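Descriptive analysis of the structure
Residue strings, one per chain:
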Number of protein chains: 2
Amino acid sequence: MTVDAAPIDAQTFEKYKPIIEKYNAQRVEDMKSYDPDFYAKCIEVIPSDEVLDTEPIDARKFLVELLSEKDLKIVNGYTIDDLISKQLDGSLTAVEIANAFIKSSIIAQLATNCVMQFLIPYALEKAKQLDAYLKENGELVGPMHGIPISLKEHLDFKDKVTSAGYVALLEAVAPKHALTVDIFEKQGAIYHIRTTQPQSIMQMDTWNVISGRTRNALSTKLSPGGSSGGESAAVAMHASIMGVGTDIGGSIRTPSAFGNLYGLRPTAKRASLLNCTPGTGGQESVVATIGPIARSIDELNYYMEHYLNDGKPWEYDPSTIPIPWKKASLPEKIRIGVLNTDNLVTPYPAILRGLQTVANKLKKHSDVFEIVDLAPYWFTEEDMKKIYNTNMVLYTIDGNKAQMSLLEKSGEPILPLTQHYFNFGGGNALSAYENRYHNSVRDEYQLKIFEKFFQKDGDGLGLDFILSPTYLGPGEIPKHCVYWGYTSFWNLFDYPNVIFPTGVTHDPELDVKVDTESLKSNDYEKMVWFDKSGSLKYDANEFVNGPVALQLTGKRYDDESVVAAVKRINEVLNVERR
Amino acid sequence: MTVDAAPIDAQTFEKYKPIIEKYNAQRVEDMKSYDPDFYAKCIEVIPSDEVLDTEPIDARKFLVELLSEKDLKIVNGYTIDDLISKQLDGSLTAVEIANAFIKSSIIAQLATNCVMQFLIPYALEKAKQLDAYLKENGELVGPMHGIPISLKEHLDFKDKVTSAGYVALLEAVAPKHALTVDIFEKQGAIYHIRTTQPQSIMQMDTWNVISGRTRNALSTKLSPGGSSGGESAAVAMHASIMGVGTDIGGSIRTPSAFGNLYGLRPTAKRASLLNCTPGTGGQESVVATIGPIARSIDELNYYMEHYLNDGKPWEYDPSTIPIPWKKASLPEKIRIGVLNTDNLVTPYPAILRGLQTVANKLKKHSDVFEIVDLAPYWFTEEDMKKIYNTNMVLYTIDGNKAQMSLLEKSGEPILPLTQHYFNFGGGNALSAYENRYHNSVRDEYQLKIFEKFFQKDGDGLGLDFILSPTYLGPGEIPKHCVYWGYTSFWNLFDYPNVIFPTGVTHDPELDVKVDTESLKSNDYEKMVWFDKSGSLKYDANEFVNGPVALQLTGKRYDDESVVAAVKRINEVLNVERR
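Residues numbered from 1 in each chain as written. Chains lettered and ligands numbered in written order. Predicted model: local features only at pLDDT ≥ 70, side-chain atom pairs only at ≥ 80, totals over all residues. Heavy atoms only, no water.

Comments concerning the relation of the copies chain B and chain A
- Between the two copies, chain B and chain A, the superposition gives an RMSD of 0.0 Å; the rotation angle is 180° and the shift along the axis is 0.0 Å. Such a combination of rotation and displacement between the chain copies is what one expects of a two-fold axis.
- Of the interface residues in chain B, 100% have counterparts in chain A that sit at the interface too, so the contact is made through matching surfaces. (Least-squares fit on C-alpha atoms with pLDDT ≥ 70 in both. Contact = heavy atoms within 4.5 Å.)

If you want it as structure tokens, here you go:
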């Protein structure tokens, strides 16, 4: 693994290297000891890291090459509903399901490096217990009986290390499960993998000094997004049926989009981050959230319904708001505002084409959808600069002290995108007074968004939803994920979003035309579109296989409606689960 | 009016004096011009400020002396339900109701100085419209049709000044109503008075440089509490049927207790503070709340039910959580933990007697109530010091900059209790990093409280509610309200509370015994119980007529159950509305 930066403290870091090696060796050992023959076959079929890192390989093809027909069906042919009913009618066991997904997760790991930690014996033991329970009682343990759910490493797992992407934490064993882990565990979920996240968890890519870089499943040379990039690769590779991610700036959504998946960033505090590492650390200016990444909107809904209505996280975590997952009631006519650009950074051609494609298809169903172009109404470039600045300053307003102390402890190198993040607020530690000021700017715009776009009476546009890019490009080149604005905007103001595939894929022939004249001259757009010499950086050939998945946003606490609306949109787009 | 402090800037303050005079003269003019004869009679009957300030006069007697039998019935004989049904059956008009309450509010003002601003022509005009509407349509405008609700001045009122207790804001005209004002206005409420609050709104007394000191209605020499002290006096004086207060450290609850009233501090963000002055200013470490003060638990419930379920504040304010007011479902056996002392400041004898009286009465109904003494389980003195320190530091962590700039603008004197508040965090402006640290201490204890006391499974006590003092004494001597801990504890951790009268009143003969040996030696207890020379300050004769109203606390977002439980407790205590 190459790291583009020198250690902060080479001598100290040297002492940690054996710990890193031991940690990584365990992962390899876990794969090998599960089934040495299968592992050997995987090594044979899957190309070298070098090839994977430089070619736009759709790694899902390795599943077809390496899995039996039956296992292939289990890991992708069946939805959760299928897996549940097949266990009930005896045509599948939890052990069979677990084994199939363990195999796909080994393939996923070797192709995308998305696994931080395997939990194979744990998963197989649990599967056995589930089968025994079903046999004895004739009923399921719960709604997740035998369902393999992958877990971002951010969530503590009892008796396992949570590194949080820091070398210094490689021996920090968690005393208990994160509440979310507990909830699905009780409902019968199978946990077989904990997935990768970037150093400090504050990158929009997935790269840490312990396990290295995670690849995109659809084009291995591209980034899987971040910080839940391990989940993106795992779910896209059918290494789990769905996964749990966290999101404070786009960390569920960008990976969902880059994996052409469905992802939900719920309104803050509807789901619980209790016993994740790190916790919130008292940071509440931009509130972290936790939510699902899945391969269909129905499974996303299934996750939330059972997480909230059966799991009742508020009975364990007083910071969680007790709003059950309601039955959404959509209006007869769904009014959607379409935002092509945030007026700060123009998206790449494929994204604009995707937005237009979706808008045009929805317009054809004018009995159900009403489309409003937001160009005349959206915030100006000046407003957006102020908003994005507020956003960035609030992330790093503590001067990155908490993160730096962890990095300094091991002396590990600060990776380029970690450093990029540290510079967000200019690297300055500000006062509580300034923190309050920036919060109040946030609150002012949170209200403006509501009044301008969502409010039904008054001068508002009365939208039900806003459709916008998830990210400026259809995937991204590793280490190039520098502009968070399309997702972090909604973290700052805490409106819930669902990411969904559009069926549109980047086309290196079609998506070439760039009107450089119309590009704005602000620093963010410059940073994305041009290199330091001022030449256009964008190269359509880089994004082969890059998916266009978009973001639908609704009113706060009405997450259910956003999910329901995406289901309706999906019926029009007719995108198949894969 | 005497002020115990010199102006910050005498020269600047001099320029503001005519503005203050004009503002106060308007209030007198409003009373006079409404009914010069009635006003003259009031002046004749109600003693001088000097007498009121030095004697424990129960000012409610002036109502009996000054109001007609019919008006007396209107302002106190009837509940909201009665007023509504009497308007419907034609036996009362909104104009009659308005006039009765305008008269009682003039009496209240002259006895307690609780009115900041009269809205008499506004109220009468509204009442006329309501009567016309009912006559024409045969139905009410809404659930508050003809119901006089008093408003803490904190809530903006369209085209009127909101001073927020600052001289510098005496010409700051609000462009629109606070959302809460709008909500009840649409439902037919009559607004005739805006009530007093202390300088900076951050005192547990009600004293500002504009209107001076507000008195306690039950003993005019005592403090009405603060910061919603104007509401305490107004509602206790039957100047309104109920009032709207705000609470960030006890500002609804202490005044409710001192007025022997019912008060609710809802879980934060269930009700909206949109367009109050000042707003939150981005301060979210301890979150301000808004809620009712009333003379019965049913009226408290009525307020919340219609505010939330009909008013739907979340349709206008995206920071409000859309949880409707549910029908509470109490357990068959209600498990209440009783906290006699917070282990930091021992309450005065009357409070301890009140707690014991209530606990004993509830114990007699062991089929309904189960009482748990919290003494063996509550946080230690050390823990409580840490908690209270966190609490105080978080209030003033900006170094009071926002408040100081407003005080400096007019040069007005800093009142002693304002200064006391400014010193909470040692007067230091801390960093955002430190702010996060203190937040994380808060979050840690918020969880501990839940796990220790409320959680049903695990090692928790499985309580439904906690009964504790509202304040350390049965009322307080003006300027002596220095310890906020009994209420601010629950602001810090945001568990909802209802204040309710117990039927117990301070008895200068009974409530004398103080075991000074057992008093702890921490600074807070010293500050409250002893003077600077170390002699006991407590004098039972000071608290004649002082009521004992206690605080019941429940789980977050389950405000409904707290209200429902107080109703059940009330059935046992049999305290009459008055």
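Side note on the sheet that holds strand β11 (residues 465–469) of chain B
Residues and elements named next belong to chain B.
- If you trace the 11 strands from one edge of the open sheet to the other, you get β1-β3-β2-β6-β8-β7-β12-β13-β11-β9-β10, paired in mixed fashion. Every other strand in the sheet has two partners, leaving β1 (115–118) and β10 (369–373) as the edge strands with one partner each. Each strand of the sheet is rotated relative to its neighbour by a mean of 25°, with strand direction disregarded.
- On the sheet, helix α10 (residues 229–236) packs against β2 (149–152), β3 (193–195), β6 (242–247) and β8 (289–294) and is oriented at approximately 165° with respect to β2. (Pairing = 2+ DSSP bridges. Helix = DSSP H or I, 4+ residues; strand = E, 2+ residues; numbered from the N terminus. Axes fitted to C-alpha atoms, helices over the stretch in contact; angles between N-to-C directions.)

A closer look at the UniProt feature "domain: Amidase" (unreviewed entry) in chain A
- As annotated in UniProt, the feature "domain: Amidase" (unreviewed entry) corresponds to residues 96–562 of chain A in the numbering used here.
- Across residues 96–562 of chain A, the secondary structure splits into 34% helix and 13% strand, with the terminal C-alpha atoms separated by 35 Å. (UniProt positions renumbered as here; feature names shortened; annotations may be inferred.)

Quick notes on the interface of chain B and chain A
- Facing the 41 residues of chain B at the interface are 41 residues of chain A.
- For the chain B and chain A pair, buried surface summed over both sides reaches about 3300 Å², with 56% attributable to carbon and sulfur atoms.
- Looking only at chain B, the three residues that lose the most surface to chain A are E284(B), P318(B) and R436(B), adding up to 23% of its buried area.
- At the junction of chain B with chain A, the criterion picks out four salt bridges.
- Close ionic contact of R442(B) with E284(A) constitutes a salt bridge, the shortest N to O distance being 3.0 Å. (Buried area = accessible area lost by both parts, 1.4 Å probe. Salt bridge = Lys/Arg side-chain N within 4 Å of Asp/Glu carboxyl O.)

Brief notes about the packing of aromatic side chains
- On inspection of all chains with the given rule, the structure shows 64 aromatic pairs over all chains.
- For the pair F489(B) and W490(B), a centre-to-centre distance of 4.8 Å together with 80° between the ring planes defines the contact as edge-to-face.
- One aromatic cluster is present, built from ring pairs that chain together W378(A), F379(A), Y445(A), F453(A), F454(A), F489(A), W490(A), F493(A) and Y495(A).
- Note that K448(B) overlies the ring of Y445(B), its terminal NZ or CZ placed 4.5 Å from the centroid. (Phe/Tyr/Trp six-rings, centres within 6.5 Å; stacked < 30°, edge-to-face > 60°. Lys NZ or Arg CZ within 6 Å of the ring centre and 35° of its normal.)

Things to note about the side chain of E412(A)
- Inspection of the secondary structure puts E412(A) in the loop between α15 (401–410) and α16 (416–422).
- At a separation of 2.8 Å, a polar atom in the side chain of E412(A) contacts the side chain of Q199(A). (Polar contact = N/O pair within 3.5 Å; in protein donor to acceptor, adjacent residues only side chain to side chain.)

Concerning the sheet that holds strand β10 (residues 369–373) of chain A
All names here are of chain A.
- If you walk across this open sheet you meet the 11 strands as β1-β3-β2-β6-β8-β7-β12-β13-β11-β9-β10, and the pairing is mixed. Single-partner strands in this sheet number two, and they are β1 (115–118) and β10. Each strand axis lies, on average, 25° off the axis of its neighbour in the sheet, ignoring direction.
- Where strand β2 (residues 149–152) and strand β6 (residues 242–247) come together, three bridges link them in parallel fashion. Bridge pairing in β6 links I149 to M242.

Describing the pattern of salt bridges
- This model, assessed by the stated rule, comprises 54 salt bridges over all chains.
- A salt bridge links K70(A) to E96(A); its shortest N-O distance comes to 2.3 Å. In this pair, K70(A) is assigned in helix α5 (residues 69–77) and E96(A) in helix α7 (residues 94–112), connecting sequence segments 26 residues apart.
- The salt bridge involving D53(B) is made with R215(B); its shortest N-O contact spans 2.6 Å. Highlighted residues: D53(B) in helix α3 (residues 49–54) and R215(B) in the loop between β5 (212–213) and α10, separated in sequence by 162 residues.
- Overall, D53(B) belongs to the partly exposed group, its relative accessible area being 33%. (Buried < 20%, exposed > 50% of the residue type's maximum accessible area, 1.4 Å probe, protein only.)

Concerning the nonpolar core
- Of all hydrophobic cores here, the largest spans 111 residues; its most connected members are I106(B), I107(B), I149(B), I336(B) and L552(B).
- Counting residues per element, this core draws most heavily on helix α7 (residues 94–112) of chain B, which supplies nine residues.
- For I107(B), the contacting residues outside a window of four places in its chain are F38(B), C42(B), I46(B), F62(B), L63(B), L66(B), L67(B) and M237(B).
- Core analysis: the second largest hydrophobic core is formed by 110 residues, F101(A), Y316(A), F500(A) and L447(B) among them. (Core = buried A, V, L, I, M, F, W, Y, C linked by side-chain atoms within 4.5 Å.)

Some remarks on the environment of N400(B)
All names here are of chain B.
- Within the element layout of this structure, N400 appears in the loop between α14 (381–395) and α15 (401–410).
- Look at N400 and you get buried, because its relative accessible area is 4%.
- Between the C-alpha atom of N400 and that of G427, which follows or precedes it by 27 residues, the distance is 7.4 Å.

As for α7(A)
All names here are of chain A.
- Given a rise of 1.5 Å per residue, 19 residues ought to cover 27 Å, and the 26 Å separating the end C-alpha atoms of α7 matches this to within 8%.
- α7 sits mainly inside the fold: 16 of its 19 residues count as buried.
- Backbone geometry just downstream of α7 places N113 in the positive-phi region, at approximately 60°. (Expected span 1.5 Å × (residues − 1).)

Describing the environment of V161(A)
Residues and elements named next belong to chain A.
- Counting through the fold element by element, V161 comes out in the loop between β2 and α9 (179–186).
- Looking at V161, the relative accessible area reads 12%, which means it is buried.
- Placed 44 residues apart in sequence, V161 and Q117 show a C-alpha to C-alpha distance of 9.0 Å.
- Not counting residues up to four positions away in its chain, the partners in contact with V161 are Y23, Q117, E153, L169, L170, E171, A172, V173 and R194.

Thoughts on α15(A)
Residue and element names in this part refer to chain A.
- Along α15, the residues that are buried comprise Q403, L407 and S410. In an axial view of α15, the angular spread of the buried residues amounts to 70°, which keeps them on one side of the axis.
- Packing partners of the buried residues in α15 comprise α1 (10–34) and α16.
- A positive phi of about 70° marks G411, the residue just after α15. (Arc of directions from axis to C-beta.)

Considerations on unusual backbone geometry
- Here the amide bond leading from G226(A) into S227(A) is cis, since omega sits at 5°, within 30 degrees of zero.
- Turning to its location among the elements, S227(A) is positioned in the loop between β5 (212–213) and α10 (229–236).
- Of the consecutive residues T277(B) and P278(B), the connecting peptide bond is found in the cis state with omega at -5°.
- For P278(B), the location among the structural elements is in the loop between β7 (262–265) and β8.
- The phi dihedral of N574(A) falls on the positive side, at around 60°, and the residue is not glycine.
- One non-glycine residue, N400(B), adopts positive backbone phi at about 60°.

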